[in-house]
Amino acid sequence: MYALKPMSSAFKVQLLTGPAFRRAPAISRAGKNGVPRLTRVARSTFWPIRAVVNSDQNKATETAEKSVERKDANGSLLVSPPTEKEGMVDVRAVITIRKKMKEKLVDKIEDQWEYFINGIGQGIMIQLISEEIDPVTSSGKSVESSVRGWLPKPSSDFNIVEYGADFSVPSDFGPIFFPANTWIHSRNDNPESRIIFRNQAYLPSQTPAGIRDLRREDLLSIRGNGKGERKVHDRIYDYDVYNDLGNPDKDQDLARPVLGNEEWPYPRRCRTGRPPSKKDPRSESRIEKPHPVYVPRDETFEEIKQNTFSAGRLKAVLHNLIPSIAATLSSSDIPFTCFSDIDKLYNNGFFLKDDEQDTKENPFNVMKLVLSAGQKLLKYEIPAVIKSDRFAWLRDNEFARQALAGVNPVNIEILKEFPILSKLDPAVYGPPESAITKELIEEELSGMSVEKAIEEKRLFILDYHDMLLPFINKINSLPERKAYASRTIFFYTKKGVLKPIAIELSLPPTPSSPWNKRVYTHGHDATSYWIWKLAKAHVCSVDAGVHQLVNHWLRTHASMEPYIIATHRHLSSMHPIYKLLHPHMRYTLEINALARQSLINGGGIIEASFGPGKYAMEISSAGLQEGMAVEDPSMPCGLKLVIEDYPYASDGLLVWSAIEEWVKSYVEHFYSEPNSVTSDVELQAWWNEIKNRGHYDKRNEPWWPTLNTKEDLSKIVTIMIWIASGQHAAINFGQYPFGGYVPNRPTLMRKTHPTRKRAPL
């Protein structure tokens with residue numbers, strides 16, 4: 001047995017028999033001696049592994065006692081008193097396993113078999129790898145052992161199981177802690193062992209010689225070879241296009257274009273390797289619930305997270321489908337006739353039809369989870385937007401406030417030029433000039449000219465004209481879907497109040513109507529008043545679609561996925577940037593996979609609930625976004641807000657500043673040497689792959705930052721953390737408070753906007 005000095009830096013672990021387990025240490029090449037194996041699939045057993053080794057008997061015992069006192073859901077650290085012999089000590093490493101919280105009978109039977117196999121030392125093999133090179137093998141020195149028996153002191157947590165493995169190590173070995181936090185596969189699924197490193201950050205050039213090869217080996221095992229269908233136990237991160245949204249094998253009307261090409265550019269998703277569909281070889285075959293979509297094993301929800309997410313997803317589905325649920329399942333077939341009917345959803349609830357309640361094919365059987373004791377009454381929480389003032393949403397000041405502080409506060413911009421011009425091809429989409437004229441705007445400016453208002457940065461625009469006009473004819477050809485390409489002008493008064501002053505609703509030109517643009521302003525009679533309100537409703541509907549498809553899905557969820565894939569493929573778990581980013585990336589791949597399965601897919605919730613229908617993801621591909629601030633070096637973050645009461649920006653800049661400060665100090669700590677960023681081979685490969693594979697369709701854009709200095713790295717990492725945290729929070733958590741009351745943010749409109757007809761003489 002080789003001496004291990006000065007400290008073990010890696011674990012190898014191999015599950016020789018039994019099911020896959022959760023949270024263990026590293027890998028092992030041991031166990032290839034014909035030990036019997038069980039043919040079983042991976043199941044949700046949670047195995048964190050923690051090991052403590054210490055050369056001082058008193059210190060070791062003290063560590064053990066303290067660790068027992070600190071037991072928690074992740075298990076405990078136990079060390080048996082070491083026995084010294086010829087400079088070596090006998091120590092015990094403790095493996096802590098968290099099992100399922102809710103076990104079925106078959107799980108309990110497997111547990112008993114698992115206890116027996118591990119008790120006789122034929123279940124889990126562990127190998128400690130030293131930082132030092134063994135001259136014989138030219139790799140890290142190592143010792144190995146299998147877990148055997150049960151610890152004398154049982155865990156206080158019913159879901160925790162502990163095993164021990166005995167090692168002889170040098171007396172100066174030192175304490176070791178291996179926070180594995182990973183799923184461990186069975187050797188039956190994959191004969192290769194798992195590598196898990198000590199919780200110590202190393203740049204590639206600083207990696208101790210004994211574990212340098214292991215670092216490379218672990219990264220290669222994660223990348224895979226780009227072939228074959230991924231299995232549930234795999235831990236492979238690779239790229240693919242969005243070719244899994246349609247289902248042409250089920251219905252040709254469910255066929256959808258592939259996103260991730262020159263026509264429809266899109267970030268890449270995690271590859272699953274499923275076979276192509278039978279009717280369209282470009283599309284991947286679908287997998288429907290309850291079968292899971294593949295994500296790397298460590299990206300799947302843990303049990304508590306799964307329960308929380310399922311409950312939240314159910315609630316979100318019901319809230320987003322309020323109108324269709326009510327129309328389908330109410331005891332009356334009469335649709336909403338007035339606002340009071342809608343209010344009953346929140347105040348009184350509505351009764352489900354008896355004949356549909358027991359129908360197995362009814363997609364809303366799941367609603368039984370939220371029904372009252374009578375099992376027939378469905379009732380919703382009162383959304384915040386109407387909780388204190390039932391009609392606040394109707395007022396212009398609330399309409400403007402939500403552009404700054406609502407669920408989608410990222411699209412409003414300063415109006416910099418007038419007249420307003422389209423950038424679309426006039427030969428296809430008509431004259432570029434907007435129908436919003438100078439004279440019309442100046443009627444609302446209290447004597448100020450348009451030029452003066454632009455100079456003082458008092459005019460703002462919410463402009464969806466160019467993004468949506470190419471899709472309007474497609475959308476309006478769908479049954480009961482009507483939409484316009486909208487522009488909304490706001491004026492920021494001297495009293496510090498933002499108010500809407502004009503709305504333009506446009507349709508593509510036709511031979512009989514080459515100028516299909518109408519402008520609406522405040523009216524002074526009842527008819528004009530409601531025409532203006534309906535124009536605002538069309539704007540809200542358009543805004544709701546852009547928010548969900550572009551700002552929420554594309555700009556946070558979808559754009560983060562390539563960052564996550566590249567981080568796992570090229571940054572070792574020992575890399576300091578991996579350790580910094582990992583908490584912000586957890587669960588995103590699983591959430592995205594679930595979204596592709598039932599949210600953004602053909603015939604899914606988004607298509608059923610939002611105006612663009614089957615063209616929703618095409619609009620997502622076409623989406624663009626800009627911000628609203630001006631540079632000012634004297635202000636915090638170097639920006640000055642044009643509107644001070646802009647919570648998304650004012651609060652967001654504080655969060656951004658805090659992230660940036662932390663990232664800069666973190667990067668400075670690890671990249672203190674000149675050229676340390678350019679010489680980091682893992683980091684450079686990571687950034688190169690993000691641009692050239694993860695965002696392949698945009699790889700040649702001039703706005704990609706370079707990665708040559710620690711300042712470059714700080715900016716890039718700050719942006720990634722901001723997108724996953726502050727940005728996503730700003731556009732995610734307001735969905736029900738603002739969108740839960742449908743008249744405030746209708747996700748689709750079924751009729752065209754009415755035109756005012758002159759009364760007959």
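Computed from a prediction, not measured in an experiment: that's the story for all the values here.

Another aspect to go through is the pairing of strand β8 (residues 160-170). For β8, the tally of buried residues reaches 10 of 11 residues, placing the bulk of the element in the interior. By the bridge criterion, 11 bridges tie strand β5 (residues 88-98) to β8 in an arrangement that is antiparallel. Following the sheet pairing, Val94 is matched in β8 by Gly164.

The biggest cluster of nonpolar side chains holds 56 residues, and the ones touching the most others in it are Ile412, Phe460, Phe490 and Leu498. For this core, the elements supplying multiple residues, two or more each, are α9 (396-405), β16 (459-463), α13 (465-476), β17 (485-492), β18 (498-506), α14 (526-570), α18 (616-622) and α19 (647-670). Broken down by element, this core gets its largest block of residues, 13 residues, from α14. Setting aside residues up to four positions removed in sequence, Leu498 forms contacts with Ala400, Leu404, Ile412, Phe460, Phe490, Phe491, Tyr492 and Ile643. With 43 residues, the next largest nonpolar core counts Ala201, Val293, Val663 and Ile716 among its residues.

On to the packing of aromatic side chains. Two measures describe an aromatic ring pair: the distance that separates the ring centres and the angle between the ring planes. A complete count under the given rule lists 17 aromatic pairs for this structure. Relative to Phe490, the ring of Phe399 has its centre 6.0 Å away and its plane inclined at 20°; by these criteria the two rings are stacked. A residue pair is termed long-range when its members are at least 10 positions apart, and Phe399 in helix α9 and Phe490 in strand β17 qualify at 91 residues. A relative accessible area of 1% places Phe490 in the buried class.

Pairing between side chains of opposite charge can happen when their charged atoms approach one another. Using the criterion set out here, one finds 35 salt bridges in the structure. Between Asp280 and Arg282 there is a salt bridge whose closest N-O contact spans 3.2 Å. Judged by relative accessible area, which is 12%, Asp280 ranks as buried. In this structure, Arg286 engages Glu288 in a salt bridge whose closest nitrogen and oxygen atoms are separated by 3.2 Å. Through salt bridges with shared partners, a single ionic network connects Asp240, Asp244, Arg269, Arg274, Glu284, Glu561 and Arg596.

In terms of residue burial, strand β6 (residues 124-134) counts as a mostly covered element, since nine of its 11 residues are buried. Sheet topology note: the β6/strand β7 (residues 139-146) ladder contains seven bridges and is antiparallel. Looking across to β7, one finds that Gln127 is bridged to Glu144. Adjacent in sequence and paired antiparallel, β6 and β7 are bridged by four residues, among which Ser138 carries a positive phi angle near 60°.

Here Lys289 and Pro290 are connected by a cis peptide whose omega angle stands at 5°. On the secondary structure map, Pro290 appears in the loop between β12 (269-270) and α4 (303-320). A cis amide bond links Phe418 with the next residue in sequence, Pro419, at an omega value of 5°. The phi dihedral of Ser446 falls on the positive side, at around 55°, and the residue is not glycine.

For the protein, the mean per-residue pLDDT works out to 79, and 75% of the residues sit at or above 70. Counting contacts from residues 317-333, a segment whose pLDDT is below 50, to residues more than four positions away or on other chains yields 42 contacts.

Attention now goes to the sheet that holds β18. Taken in spatial order, the five strands make up an open sheet running β15-β16-β17-β18-β19, and their pairing is antiparallel. Across the chains shown, the open sheet's two edge strands, defined by having one partner strand only, are β15 (413-414) and β19 (517-520). Bridge count for β17 against β18 is eight bridges, and the pairing is antiparallel. Looking across to β18, one finds that Arg487 is bridged to Glu504. Along the sheet, α13 makes contact with β16, β17, β18 and β19, crossing β17 at roughly 155°. Of the strands in this sheet, β16, β17, β18 and β19 are in contact with α14, which crosses β18 at around 80°.

The contact between helix α15 (residues 576-585) and α19 brings their axes to 10 Å, and the two run at 155°. As judged from the angle between their axes, α15 and α19 are roughly antiparallel. You can see that α15 and α19 cross each other, and the crossing is right-handed. For the pair formed by α15 and α19, the contact residues are Pro576, Ile577, Lys579 and Leu580 on the first element and Trp662, Val663, Tyr666, Val667 and Phe670 on the second.

Turning to α13, a few remarks are in order. The end-to-end C-alpha separation of α13 is 15 Å, in line with the 16 Å expected for 12 residues at 1.5 Å each. If you check which residues of α13 are buried, you get His465, Met467, Leu468, Leu469, Phe471, Ile472, Ile475 and Asn476.

Taken together, Trp113, Phe116 and Ile120 make up a surface patch of nonpolar side chains, about 290 Å² in accessible area. With respect to the helices, strands and loops of the structure, Ile120 is situated in the loop between α2 (105-119) and β6. On the basis of relative accessible area, Ile120 is assigned to the partly exposed category, the value being 37%.

Calculation criteria
Residues numbered from 1 in each chain as written. Predicted model: local features only at pLDDT ≥ 70, side-chain atom pairs only at ≥ 80, totals over all residues. Heavy atoms only, no water. Buried < 20%, exposed > 50% of the residue type's maximum accessible area, 1.4 Å probe, protein only. Helix = DSSP H or I, 4+ residues; strand = E, 2+ residues; numbered from the N terminus. Pairing = 2+ DSSP bridges. Core = buried A, V, L, I, M, F, W, Y, C linked by side-chain atoms within 4.5 Å. Contact = heavy atoms within 4.5 Å. Phe/Tyr/Trp six-rings, centres within 6.5 Å; stacked < 30°, edge-to-face > 60°. Salt bridge = Lys/Arg side-chain N within 4 Å of Asp/Glu carboxyl O. pLDDT = per-residue confidence, 0-100. Axes fitted to C-alpha atoms, helices over the stretch in contact; angles between N-to-C directions. Parallel < 35°, antiparallel > 145°, perpendicular 65-115°, else oblique. Left-handed = near helix turned anticlockwise from the far one by under 90°. Expected span 1.5 Å × (residues − 1). Patch = residues over 30% accessible without salt bridge, like charges linked within 9 Å, V, L, I, M, F, W, Y side chains within 5 Å. Areas by Shrake-Rupley, 256 points an atom, 1.4 Å probe, with all protein chains shown as cover.

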